[in-house]
Amino acid sequence: MKQSRLMSLAESVANVIVGYGVAVVTQILIFPIFGLHITLAQNLKIGAAFTVMSIARSFALRRVFEAIRMRGAP
């Protein structure tokens, strides 16, 4: 069964929301090891910027693979 564009977007957003939390926690733990000391607000903003790009990337890749799958379907 073909996945709709809306469901592709919903899946991508859900995946990225979880990833956002993991990324922010990782930044808080890892940045100080490299001498980067930033506020929680800055961590959240950095995470948000990467989240927007991640949603776009995930959605685009999903659509490419769906197109490839549909092209091969009889």
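Fair warning: this is a prediction, and the values are worked out from it, not measured in the lab.

Let us now look at the overall build of the chain. In terms of regular secondary structure, the chain is built from 2 helices and 0 strands. The C-alpha radius of gyration computed for the chain amounts to 16 Å, which surpasses the reference 11 Å derived for 74 residues by more than 25%, pointing to a less compact arrangement than a globule. When the backbone C-alpha atoms are referred to their principal axes, the chain occupies close to 55 × 20 × 15 Å. Looking at the 74 residues of the chain, the share that counts as buried comes to 16%. The long-range fraction of contacts in the chain, counting pairs at least 24 apart against all pairs at least 6 apart in sequence, stands at 68%.

In this section: the domain arrangement of the chain. Examined at the domain level, the chain breaks down into domain 1 (1-35) and domain 2 (36-73). Relative to domain 2, the C-alpha centre of domain 1 lies at a distance of 7 Å. Across the contact, 19 residues belong to domain 1 and 19 residues belong to domain 2. When domain 1 packs against domain 2, close to 1700 Å² is buried across both sides, 60% of that on carbon and sulfur atoms. Contact with domain 2 buries surface across domain 1, with V16, Y20 and F31 losing the most and accounting together for 29% of the total. Counting every contact that joins domain 1 to domain 2 gives 1 salt bridge.

Within this structure's numbering, the places UniProt gives as "transmembrane region" (unreviewed entry) are residues 12-34 and 46-65. A distance of 30 Å separates the end C-alpha atoms of residues 12-34, which is 83% helix and 0% strand. In the segment residues 46-65, helix accounts for 100% and strand for 0%; the C-alpha atoms at its two ends are 29 Å apart.

Thresholds applied
Residues numbered from 1 in each chain as written. Predicted model: local features only at pLDDT ≥ 70, side-chain atom pairs only at ≥ 80, totals over all residues. Heavy atoms only, no water. Helix = DSSP H or I, 4+ residues; strand = E, 2+ residues; numbered from the N terminus. Rg over C-alpha atoms; globule rule 2.2 N^0.38 Å. Buried < 20%, exposed > 50% of the residue type's maximum accessible area, 1.4 Å probe, protein only. Contact = heavy atoms within 4.5 Å. Domains from an automatic or database assignment. Buried area = accessible area lost by both parts, 1.4 Å probe. Salt bridge = Lys/Arg side-chain N within 4 Å of Asp/Glu carboxyl O. UniProt positions renumbered as here; feature names shortened; annotations may be inferred.

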